[in-house]
Amino acid sequence: MGLASGLALICTYPEVTMCSPEEALLKLEDAFLAKLALINTHILQPLLLVDPEPSEPRGQECLQLLQQLHRSSQQLWQLTKQSLQSLQRRLCQPRTTGLESLVLLGSADRILQVHLEYIESYTSCVVVQVFQQVAKRNREYWQIQSRLLQKHLSGVSFEGPVDALLGQALHQPLAQHLQQCVPLLLRLRGTLGESHPAWELVMNAITLHGNLQSFLGQELDQAAATQALGHSLRNHLKDMLCTPAHRLLQDSQDIPVRATPLQAERVLLFDDTLVLLQGPSVHSFDLRLVWVHPGQDRCTFCVLTPEEELSLRARDSLGRAVWQRKVSQAVCQALRGKKDFPVLGAGLAPSEPPACRSVAYTFCAEGRLCRATYEGEWRSGKPHGKGTLKWPDGRNHVGNFRWGLEHGFGIYLVPKATEDTFDCYKCHWEEGRMSGYGICEYGSVEVYKGYFQAGLRHGFGVLDSAPQAARPFRYTGHWEKDQRSGYGIQEDSNRGERYIGMWQTDQRHGPGVVVTQAGVCYQGTFQADKMVGPGILLSEDDSLYEGTFSRDLTPEGKGKITFSTGFTLEGSFGSGTGRGLYTQGVLDTAALPPDPSSTRKRQLGVGAFPVESRWLGVYRPFQDFVLAGCPGELQEALLGFHAQSRRELRRDQHYLSCVRNCPEDEAGRMEDILDELLWYREPAALQQYLRKALRSARHPLGKLLRTLMLTFQATYTGLGANKHLQGLAQEEVKQHARELWAAYRDMQVHGLMLPLVLPSFYSELFTLYLLLHEREDALYSQGITNLSLFPDTKLLEFLDVHKHLWPLKDLQLTSNQRSSLVRDKCFLSAIECLQKIINCCSTTVDPREKLGMLEKTCREIEATVSHVLGREHKLPMDDLLPLLLYVVSRARIQHLGAEIHLIRDMMDPVHTSGLYDFMLTALESCYEHIWKDMRLRRLPGHWDLRSLC
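Residues numbered from 1 in each chain as written. Predicted model: local features only at pLDDT ≥ 70, side-chain atom pairs only at ≥ 80, totals over all residues. Heavy atoms only, no water.

### Points about the overall build of the chain
We count it as follows: The way it works is that DSSP assigns letters per residue, a run of H or I at least four long becomes a helix, a run of E at least two long becomes a strand, and they are numbered from the N terminus. Exposed residues in this analysis have more than 50% of their type's maximum accessible area, buried residues have under 20%, and partly exposed residues fall in between, with area computed by a 1.4 Å probe over protein chains only. What makes two residues a contact is simply this: any of their non-hydrogen atoms within 4.5 Å. Only the protein chains shown count as cover for residues, and the accessible areas themselves come from Shrake-Rupley with a 1.4 Å probe.
Along the backbone of the chain there are 29 helices and 27 strands. Expressed as a percentage of its 949 residues, the buried residues of the chain come to 52%. For the chain, the proportion of contacts with a sequence separation of at least 24, taken over those separated by at least 6, is 52%. Put simply, the chain shows about 45,200 Å² of open surface, and 51% of that area lies on carbon and sulfur atoms.

This is how it looks when you write it as structure tokens:
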């Protein structure tokens, strides 16, 4: 079909007033389809051939826009054709084809999409003046075509130049089609009842086509305004601002507004950007990161952006209202990522922009964030919520932010300049600096786990060197301003020694104890990392040196050595190359060997480090947490967390994530913990609750207990398993129980908390008691072995037990047995009961329960004697002690001395001078009698078993 014949065909608009609504729609679609065919064939295709291979960027842009317009026009033609076919089927088979089958009614989403794409493509061409460009290149051809179009396209305005004619021909047929569809659809609705199945579809179609009319009108106005803006701008500004993606919404030359403090000459509001022109400078603000707030007066409103805070002032309140409304609507539209439909501000979402948003932005202003890109949540122009911050130099921070600063948990990676490694900080932050608990893995592979303040290590923390380091070490203790200060323990693996004591500015300073792998212990005063002044040295055999030392802890100067034999050497000591240790003094060999009880009193550190102040850095975060009401958001910052190591992060390729025990996953709210504790006022119920709490790795009490266990193990295991540290350890356990129960001072610590805490430290603590009482326990064991050779009657006689108390009448003997040879048959129930003091360690280490077993043992002895006498009998101490000694010798309890002393040290003070104290003293007397009695040590050489016959 030629152009003239095609135009003649579509110019004769069908008369639709006398037709049914469906027939009228059919004719309307048929006519529109013909117009679209004409547009594609005789306008768009020739336009594409004007410059098919442009070399200039501007020409390439025009070609791409025309190609997009051509594609969208073809899609519109295809949609119209399908709509026409559906109407034809409906008119041919009205009984079998319902209204629901019409494309105009049943394909609302597709109709909307196709029309929006065509409108967007057309208006983009208008903005960058595509039609003016192509009209210039073949003006004569388009002048001829325009005369034909003007002759045959009725109802289309062809006033103005050729480019205007092309624009009218490309959009007015669509505008007329939408306008004519609405009344025909209204007529169709009039033929239906509200109960008709297609009623809602028809109503939706009427609304859709009406909205498309409004949307088309708005887009044409915005495109024309944007095109007109280009005429008032310099070329470089025109190329920057008048792009296919931009639509001008408001211009300060139309409604004046002044921006401060930038003093902009012109303010332009686009659909995605707020632009301020200030001479040659252009200040552009992404609308997704623009917040609008009321101003100080009726003519002013504030605009907040990530790096600027602007004040826009209009001439009057009406102008301010227009600008503020337009900016707010544009912000909402930009955040939704698509055009409001049918007009700006008419979207489904609220008209007020949300306060919280999630957008990516690169900072430009000088400062710590210069050139850094933040991607995450925002509030009022500041990073606020979860987000990721990346610097060009490779630094990364992912975590929580508050008002532009790192706040809450975050992971910070800092690459090392000279190596392919990085420092990894998994910490809690406060106002942009590390604060609270954190885990830091340094590029040197050192690892710090502890607390921070103002970005520096401060409070309690553990620093581990790399295993392959030249001098591997571990420091467990307190920090101040990034340096070791206060009480702390450091182990030097290379030197085979552990320092326990005070620090200052990263050096040993103040009272301290050094324990070596050889079992030698030093105590003295340190200054600048060296021991100065008088001190003491304790060897493993209890030899004691008191005097001054050299810098390498060798005796030097005046001093005195007390040997384990009791000999003393007092004089002047020194050392030299090849000479070893030498002395000049007086050796006294007249003294007797010291009593083991006196050597046990040689405890290091007691009094030098007040137990109340040793681990304040551990107690204080827990106390702060409790005083704050146990808020869940502070749980990790104050009580710590477990996180993956850096290697695990790298292996999983999740460099900026951290799997840890999140407080959100825990049952119940942290704020309820104190209230829950207060529910249990009865000691038994409260103790059961506390036992569960202490065993839980997520409960605050359980977390504190695990940290205290870490400090205890760092001090008293390995090199620290030294008998001279027993006093230091046992007072520490008691202090831990007091601190764990600090919030409940109205109840007794020993009776309630200590039995619950003691199991966590028992293994290390009992080891120290074993070492401290090793000599006495060895003598006791020898005595028990000798006593085990006695038959029962001989042992009772040896122990001076009155014969009328001997339980012999119930012995069941065989025909060839004599009572004088029977062994391990008397007081069996009491023996079994006493043995439970040790056997119960597998289930409890509660001193009170062990004292209860001792009390039961004594009751069993009295019950056996009462049975022998045939009447109730209370044993006086003179009779009870020999019988208890018999039971102890037959129970054969190993390490009884260590057990007795641990029970006494950990016993509840309320039992002092009471029944339990009395019975424990009796047991202690039996123990001392066995290991001190010289007769028992001579028995194996002087005792003949035949004398028993």
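### A word on a nonpolar patch on the surface
Rule in force here: By definition, no residue in a patch forms a salt bridge, and every one has over 30% relative accessible area; like charges are joined within 9 Å, nonpolar side chains (Val, Leu, Ile, Met, Phe, Trp, Tyr) within 5 Å. Every case where a carboxyl oxygen of Asp or Glu lies within 4 Å of a side-chain nitrogen of Lys or Arg is listed as a salt bridge.
Together, Met877, Leu915 and Phe918 make up an exposed nonpolar region whose accessible area comes to about 260 Å². Locating Met877 in the fold gives a position in helix 26 (residues 877-891). Judged by relative accessible area, which is 31%, Met877 ranks as partly exposed.

### Digging into the side chain of Arg890
Note that Arg890 resides in helix 26. Judged by relative accessible area, which is 2%, Arg890 ranks as buried. Discounting chain neighbours no more than four positions away, the residues touching Arg890 are Leu787, Ser788, Phe790, Pro791, Asp792, Leu795, Arg823, Asp824, Ile831 and Gln835.

### Quick notes on the environment of Gly59
Looking at the secondary structure, you find Gly59 in helix 3 (residues 57-92). Residue class for Gly59 comes out buried when judged on its relative accessible area of 13%. Spatially, the C-alpha atom of Gly59 lies 9.3 Å from that of Val134, the residues being 75 residues apart in sequence.

### What about the pairing of strand 17 (residues 456-464)?
The test is simple: Paired strands, as defined in this entry, are two strands with at least two bridges between them according to DSSP.
Pairing of strand 16 (residues 447-453) with strand 17, which is carried by six bridges, proceeds in the antiparallel orientation. Bridged to Val447 within strand 17 is Asp464. Sheet topology note: the strand 17/strand 18 (residues 473-480) ladder contains six bridges and is antiparallel. By the bridge assignment for strand 18, Gly461 is matched with Gly477.

### Comments concerning the packing of helix 27 (residues 896-906) against helix 28 (residues 915-932)
Rules: Angular values range over 0 to 180 degrees, each being the angle between N-to-C directions of two axes fitted as lines to C-alpha atoms, with helices fitted over their stretch in contact. Geometric relationships in this document are graded by angle, where less than 35 degrees denotes roughly parallel, more than 145 denotes roughly antiparallel, 65 to 115 denotes roughly perpendicular, and other angles denote oblique. Two helices cross in a left-handed way if the nearer one is turned anticlockwise from the farther one by less than a right angle. They cross in a right-handed way if the turn is clockwise. Residue type decides the class: Asp, Glu, Lys and Arg count as charged, Ala, Val, Leu, Ile, Met, Phe, Trp, Tyr, Cys and Pro as nonpolar, and the leftover types, Gly among them, as polar.
Taken N-terminus to C-terminus, the directions of helix 27 and helix 28 make an angle of 155 degrees; their axes are 10 Å apart at the nearest point. Relative to helix 28, the element helix 27 is oriented roughly antiparallel. When you trace helix 27 past helix 28, the crossing you get is left-handed. Contact with helix 27, carried on its side by Leu896, Gly897, Ile900, His901, Ile903 and Arg904, involves Asp917, Leu920, Thr921, Leu923, Glu924 and Tyr927 of helix 28 and no other residues of that element. A per-class count over the contact of helix 27 with helix 28 returns six nonpolar, three polar and three charged.

### Quick look at the nonpolar core
Here is the rule we go by: Among the buried residues, those of types Ala, Val, Leu, Ile, Met, Phe, Trp, Tyr and Cys that are joined through side-chain atoms within 4.5 Å form a nonpolar core.
Ranked by internal contacts, the top residues of the largest apolar core, which has 65 residues, are Leu690 and Leu765. For this core, the element with the highest residue contribution is helix 21 (residues 754-772), accounting for ten residues. Contact partners of Leu765, with chain neighbours within four places excluded, come to Phe712, Ala729, Gln730, Val733, Leu758, Leu902 and Met906. Judged by nonpolar contacts, the second largest core, of 48 residues, contains Ile837, Cys858, Leu885 and Trp931.

### As for the packing of aromatic side chains
Stated precisely, the cut-off is as follows: Stacked, edge-to-face and tilted labels apply to pairs of Phe, Tyr and Trp rings (six-membered ring for Trp) whose centres lie within 6.5 Å, assigned for plane angles under 30 degrees, over 60, and everything in between, in that order. Counted as over-ring charges are cases with an Arg CZ or a Lys NZ within 6 Å of the ring centre that also lie within 35 degrees of the ring normal.
One pass over the structure, following the stated rule, counts 30 aromatic pairs. Summarising the aromatic geometry, the rings of Phe712 and Tyr716 are spaced 4.7 Å apart at their centres and angled 55 degrees between planes, so their arrangement reads as tilted. In this pair, Phe712 and Tyr716 are both assigned in helix 18 (residues 700-716), four residues apart and thus about one turn of the helix distant. For the ring pair Phe712 and Phe761, a centre distance of 4.9 Å and an interplane angle of 70 degrees mean the geometry is edge-to-face. Of this pair, Phe712 sits in helix 18 while Phe761 sits in helix 21, placing them 49 residues apart in sequence. For the pair Phe712 and Phe761, one class covers both residues: buried. Members of the aromatic cluster, each reached through a chain of ring pairs, are Tyr448, Phe452, Tyr475, Trp479, Tyr499, Trp503 and Phe526. Across from the ring centre of Trp291, 4.0 Å away, lies the NZ or CZ of Arg357, which sits over that ring.

### Here's the deal with helix 21
Test applied: To estimate how far a helix should extend, the number of its residues minus one is multiplied by 1.5 Å. Fitting axes to the seven residues that end at a residue and to the seven that start at it, the angle between those axes gives the bend at that residue.
With 19 residues, helix 21 extends just 22 Å between its outermost C-alpha atoms, more than 12% less than the 27 Å of an ideal straight helix rising 1.5 Å per residue. At Phe761, helix 21 is bent by approximately 65 degrees, the largest bend along its length. Among the 19 residues that make up helix 21, 14 are buried, leaving the element largely enclosed by the rest of the structure.

### Details of helix 11 (residues 317-336)
Applicable threshold: Two N or O atoms count as a polar contact when they lie within 3.5 Å, although within protein this holds only if one can serve as hydrogen donor and the other as acceptor, and sequence-adjacent residues are included solely when both atoms are side-chain atoms.
Here helix 11 contains 20 residues, and its C-alpha end-to-end distance of 28 Å stays within 8% of the 28 Å for a straight helix at 1.5 Å per residue. Residue Asp316 occupies the N-cap position of helix 11, its side-chain oxygen lying 3.3 Å from the main-chain nitrogen of Leu318. A positive phi of about 80 degrees marks Gly337, the residue just after helix 11.

### Observations regarding the confidence of the model for the chain
Note the following rule: Each residue carries a pLDDT value, the predictor's own confidence for that position, ranging from 0 to 100.
Here the chain shows a mean pLDDT of 85. Residues at 70 or above account for 86%. Here residues 662-668 is a poorly scored stretch, pLDDT under 50, and it has seven contacts once near neighbours within four places are set aside; other chains count. This model gives residues 939-949 a pLDDT under 50, and the stretch forms 15 contacts once residues within four places in sequence are excluded.

### Looking at the sheet that holds strand 7 (residues 300-304)
Strand order in the open sheet formed by four strands is 2-8-7-6, and the pairing between neighbours is antiparallel. In this open sheet, the two strands that pair with only one neighbour each are strand 2 (257-260) and strand 6 (291-294). On average, each strand axis in the sheet is inclined to that of its neighbour by 25 degrees, with strand direction left out of account. Pairing between strand 6 and strand 7: four bridges, direction antiparallel. Within strand 7, the residue paired with Pro294 across the bridge is Phe301. Relative to the sheet, helix 11 contacts strand 2, strand 6, strand 7 and strand 8 (309-314), its axis offset from that of strand 7 by approximately 25 degrees.

### Focus: the pattern of salt bridges
Inspection of every chain in the model, using the stated rule, returns 31 salt bridges. The salt bridge involving Asp482 is made with Arg457; its shortest N-O contact spans 2.9 Å. Of this pair, Asp482 sits in the loop between strand 18 and strand 19 (483-492) while Arg457 sits in strand 17, and the two are 25 residues apart along the sequence. Among the charged side chains, a salt-bridge network with shared partners connects Arg495, Glu497, Arg508 and Asp529.

### A few points about the pairing of strand 22 (residues 521-527)
As paired elements, strand 21 (residues 507-516) and strand 22 share six bridges and run antiparallel to each other. Bridging from a neighbouring strand, Gly510 pairs with Phe526 of strand 22. Where strand 22 and strand 23 (residues 530-538) come together, six bridges link them in antiparallel fashion. Looking at strand 23, one finds that Phe526 is bridged to Met531. Once strand 22 ends, the chain turns through two residues before running back antiparallel as strand 23, passing Ala528 with a positive phi of about 55 degrees.

### Thoughts on the packing of helix 5 (residues 108-127) against helix 9 (residues 199-231)
Taken N-terminus to C-terminus, the directions of helix 5 and helix 9 make an angle of 15 degrees; their axes are 9 Å apart at the nearest point. Taken together, the axis directions place helix 5 and helix 9 in an arrangement best described as roughly parallel. Where helix 5 crosses over helix 9, the handedness of that crossing is right-handed. For the pair helix 5 and helix 9, contact is made by Ala108, Ile111, Leu112, His115, Leu116, Ile119, Glu120, Tyr122, Thr123, Val126 and Val127 and by Leu208, Leu212, Phe215, Leu216, Glu219, Leu220, Ala223, Thr226 and Gln227, respectively. Of the residues in the contact of helix 5 with helix 9, the class split is 14 nonpolar, four polar and two charged.

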